[in-house]
Amino acid sequence: MSAQAQMRAMLDQLMGTSRDGDTTRQRIKFSDDRVCKSHLLNCCPHDVLSGTRMDLGECLKVHDLALRADYEIASKEQDFFFELDAMDHLQSFIADCDRRTEVAKKRLAETQEEISAEVAAKAERVHELNEEIGKLLAKVEQLGAEGNVEESQKVMDEVEKARAKKREAEEVYRNSMPASSFQQQKLRVCEVCSAYLGLHDNDRRLADHFGGKLHLGFIEIREKLEELKRVVAEKQEKRNQERLKRREEREREEREKLRRSRSHSKNPKSEEEYSVKEEEEDNF
């Protein structure tokens, strides 16, 4: 963004859509359904995660710093209750993220099971070769006892070949442990941003993750969601109290009217006598 564009954005944010007297910018109001209420409250995930591995691209609704300024000015005089819209938006986004986390955890568990099966198969191959070698050596001993030296030597050649295969199988098995099984079975999924983490990651890797824009962005969104829940609950409680107060006032007024009506219906004669007496005094 050029310096001029940055200056315009700063002025928009400070002064709103009317800063230049440009009426075309005022065709859409901040209260319009097309405007992103999360953006007005500075918590839209499309803004927060911009430039990260999970960049969401442009929001489907209107983002405009000038409209945010208009809202901030107007909200000092009137409560528009946009926190509810933003809360619903963030709740939906975080719910999707949590679902992805669960899917990633399930996929990791399945991968670990596959890896475990692969490692077990390699170990089983070593066992099979051990069994083959054992059987061949038993045969060598038998042939030697029978004095069949030539045949015994042939079997020993097979034993050496089996031992060579066993050494290769053991090497494959040992290499599979740190290269795949050991490392991948130690993976876990970050509960905040659903990224994969290794329990044996070095300090630099961990610092890059937990201090990175993606992880901090999700923390910001989650904290903002909790704040919105609190604000919405407080405002709803306040509205409920105001409704209850107005209802009690109406009921009190109705009871007072009813009491006056009943009082008037019980004493119509006394009021008439008072009027006659007052008229006689005036004549006198």
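For clarity, every value in this text was computed on a predicted model and none was experimentally measured. (Residues numbered from 1 in each chain as written. Predicted model: local features only at pLDDT ≥ 70, side-chain atom pairs only at ≥ 80, totals over all residues. Heavy atoms only, no water.)

Where the residue is not glycine, phi is negative for most of them; where a peptide bond is considered, it is trans in most cases. For Asn42, which is not a glycine, the phi torsion comes out positive at approximately 60°. Along the chain, the position of Asn42 falls in the loop between helix H2 (37-40) and helix H3 (45-48). Backbone geometry at Phe81 places phi at a positive 60°, although glycine is not the residue there. Inspection of the secondary structure puts Phe81 in the loop between helix H4 (65-74) and helix H5 (83-145). The exposure class of Phe81 is buried, given its relative accessible area of 10%. (Helix = DSSP H or I, 4+ residues; strand = E, 2+ residues; numbered from the N terminus. Buried < 20%, exposed > 50% of the residue type's maximum accessible area, 1.4 Å probe, protein only.)

Our next topic: a negative patch on the surface. Negative charge collects at one region of the surface, where Glu132, Glu150, Glu151, Asp157 and Glu158 lie side by side. Per element, the largest residue contribution to the negative patch is 4 residues, and it comes from helix H6 (residues 149-185). Note that Glu150 resides in helix H6. (Patch = residues over 30% accessible without salt bridge, like charges linked within 9 Å, V, L, I, M, F, W, Y side chains within 5 Å. Areas by Shrake-Rupley, 256 points an atom, 1.4 Å probe, with all protein chains shown as cover. Salt bridge = Lys/Arg side-chain N within 4 Å of Asp/Glu carboxyl O. Lys, Arg positive; Asp, Glu negative; His and termini not counted. Charge placed at Lys NZ, Arg CZ, Asp CG, Glu CD.)

Here we come to the nonpolar core. One finds Leu40, Leu41, Leu49, Phe218, Ile221 and Leu228 to be the most contacted residues of the largest nonpolar core, which totals 29 residues. Elements supplying a minimum of two residues to this core: H4, H5 and helix H8 (213-266). Two domains each put at least three residues into this core: domain 1 (3-92 + 224-232) and domain 2 (114-219). Setting aside residues up to four positions removed in sequence, Leu40 forms contacts with Phe30, Val35, Leu67, Arg68, Tyr71 and Phe82. Ranked by size, the runner-up nonpolar core spans 7 residues in total, among them Ile133, Val140, Val155 and Val159. (Core = buried A, V, L, I, M, F, W, Y, C linked by side-chain atoms within 4.5 Å. Domains from an automatic or database assignment. Contact = heavy atoms within 4.5 Å.)

A full pass over the atoms with the stated rule returns 7 aromatic pairs. Ring geometry for Tyr71 versus Phe82: centroids 5.3 Å apart, planes at 25°, classification stacked. Here Tyr71, found in helix H4, pairs with Phe82, found in the loop between H4 and H5; they are 11 residues apart in sequence, far enough to count as distant. Here Tyr71 and Phe82 have matching classes, each one buried. Here Phe93 and Phe218 contribute two aromatic rings whose centre-to-centre distance is 5.8 Å and whose plane-to-plane angle is 20°, an arrangement assigned as stacked. Taken together, the positions of Phe93 in helix H5 and Phe218 in helix H8 put the pair 125 residues apart, joining distant regions of the chain. By relative accessible area, which is 12% here, Phe93 ends up buried. The side chain of Lys37 reaches across the aromatic face of Phe82, ending 5.2 Å from its centre. (Phe/Tyr/Trp six-rings, centres within 6.5 Å; stacked < 30°, edge-to-face > 60°. Lys NZ or Arg CZ within 6 Å of the ring centre and 35° of its normal.)

Judged by side-chain charge, Arg239, Arg243, Arg246, Arg247 and Arg250 come together as a positively charged surface patch. By relative accessible area, Arg246 is classed as partly exposed at 42%.

The next thing to look at is the pattern of salt bridges. Taken as a whole, this structure holds 16 salt bridges when the rule is applied. Arg99 serves as the salt-bridge partner of Asp96, at 2.0 Å between the closest nitrogen and oxygen. Placement of the pair is Asp96 and Arg99 together in helix H5, with a separation of 3 residues, close to one helical turn. Beyond isolated ion pairs, a larger network of salt bridges with shared partners links Asp79, Glu83 and Lys235.

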